[in-house]
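Architecture at a glance
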Amino acid sequence: NVVSDMLESTIIDSKLEERIELCLQRIGEFMGVDGTLLLHFIKNSLNQVYMWDSEHREGMKERIKDVNFDVFRELVEEENFVSISSTDDVDEETREILKGLKVESLLAMCFENGVAIVLLNNRPKVWTEYERFVLKELGKILGYVIERGVAIEQMERYANELRTLYELASVKGDDEQA
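Analysis parameters
- Residues numbered from 1 in each chain as written.
- Predicted model: local features only at pLDDT ≥ 70, side-chain atom pairs only at ≥ 80, totals over all residues.
- Heavy atoms only, no water.
- Helix = DSSP H or I, 4+ residues; strand = E, 2+ residues; numbered from the N terminus.
- Buried < 20%, exposed > 50% of the residue type's maximum accessible area, 1.4 Å probe, protein only.
- Contact = heavy atoms within 4.5 Å.
- Areas by Shrake-Rupley, 256 points an atom, 1.4 Å probe, with all protein chains shown as cover.
- Phe/Tyr/Trp six-rings, centres within 6.5 Å; stacked < 30°, edge-to-face > 60°.
- Lys NZ or Arg CZ within 6 Å of the ring centre and 35° of its normal.
- Core = buried A, V, L, I, M, F, W, Y, C linked by side-chain atoms within 4.5 Å.
- Pairing = 2+ DSSP bridges.
- Axes fitted to C-alpha atoms, helices over the stretch in contact; angles between N-to-C directions.
- Expected span 1.5 Å × (residues − 1).
- Salt bridge = Lys/Arg side-chain N within 4 Å of Asp/Glu carboxyl O.

So, the overall build of the protein
- Within the protein one finds six helices and five strands.
- Element order for the protein, N to C, with α for helix and β for strand: α-α-β-β-α-α-β-α-β-β-α.
- Looking at the protein residue by residue over its 178 residues, the buried ones come to 42%.
- Looking at the protein alone, contacts between residues at least 24 apart form 58% of all its contacts between residues at least 6 apart.
- In the structure as shown, the protein presents an accessible area of about 10300 Å², 50% of it carried by carbon and sulfur atoms.

Structure representation (structure tokens):
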């Protein structure tokens, strides 16, 4: 079950990026798409991009870094879902972005926590209501994974800072006793 696997992976592994990429892989395989993206926006600015690419296309990560995702954020925020069946159906700017990524169709959804999930296909595809429903439900779970992962990373960072302060205080105390 893809949902229980996603939740289980959040408990076992403590590296957020690896967990997210594993979840994206499982979502992509479950949905039968060529790639998945997770875009994390903070205050209307792109914070992080995670991806899974079924074909491990050479240079995909580099091409992703050069994309202006504001176009997607605006589209997704306006409509909640963005469904592009073919690059023939979009404006020139969006078409150029998709062609640069070697993507012909996509389905995207934005969530309240600034997360957008994008399903990518190398060929035209008409997206169904069922696929929208599944993306919405999986997106909620992935949002939980991100929130939990961020909280764990913050706790670990604070614990390390406290440990360092304690060690510094111990060294200073030893110096004063000598």
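Quick look at the packing of aromatic side chains
- Scanning the entire structure with this criterion turns up zero aromatic pairs.
- Between K125 and the ring centre of W127, over which it is positioned, the NZ or CZ distance is 5.1 Å.

Brief notes about unusual backbone geometry
- Within the chain, K102 stands out as a residue other than glycine whose phi angle is a positive 60°.
- Inspection of the secondary structure puts K102 in the loop between α5 (92-100) and β4 (105-110).

Considering the nonpolar core
- Ranked by internal contacts, the top residues of the largest apolar core, which has 24 residues, are I20, L24, L38, I117, L119, L135 and L142.
- Those elements that provide at least two residues to this core are α2 (16-31), β2 (45-53), β4, β5 (115-121) and α6 (129-177).
- When near neighbours in sequence (up to four residues on either side) are disregarded, L135 contacts M31, F81, L107, A108, M109, F111, I117 and L119.
- Within the second largest apolar cluster, 18 residues are counted, among which are L39, I97, L101 and V118.

Things to note about the sheet that holds β5
- Across the sheet, five strands lie side by side as β2-β1-β5-β4-β3; this open sheet has antiparallel pairing. Of all strands in the sheet, those with a lone pairing partner are β2 and β3 (81-84), marking the two edges. With strand direction ignored, the average angle separating the axes of adjacent strands in the sheet is 10°.
- By the bridge criterion, eight bridges tie strand β1 (residues 35-42) to β2 in an arrangement that is antiparallel.

Focus on the environment of K140
- Mapped onto the secondary structure, K140 falls in helix α6.
- Distance from K140 to V115, taken between C-alpha atoms, is 9.6 Å for residues 25 residues apart in sequence.

Brief notes about α2
- Taking 1.5 Å per residue as the helical rise, α2 with its 16 residues ought to reach 22 Å, and the 22 Å between its terminal C-alpha atoms agrees with that figure.
- Of the positions making up α2, those classed as buried are L16, R19, I20, C23, L24, I27, G28 and M31.
- Looking one or two residues beyond α2, the residue adopting positive phi is G32, at roughly 70°.

Quick notes on the pattern of salt bridges
- Inspection of every chain in the model, using the stated rule, returns six salt bridges.
- A salt bridge links D34 to R123, with the shortest nitrogen-to-oxygen separation between them at 2.7 Å. One end of the pair, D34, is in the loop between α2 and β1; the other, R123, is in the loop between β5 and α6, and 89 residues separate them in sequence.
- In this structure R123 comes out as partly exposed when scored by relative accessible area, which is 40%.
- Residue R95 pairs with E92 through a salt bridge whose shortest N-O separation is 2.6 Å. Here R95 pairs with E92, and both are found in helix α5, just three residues apart, close to one helical turn.

All we've got here are geometric facts, nothing functional implied.
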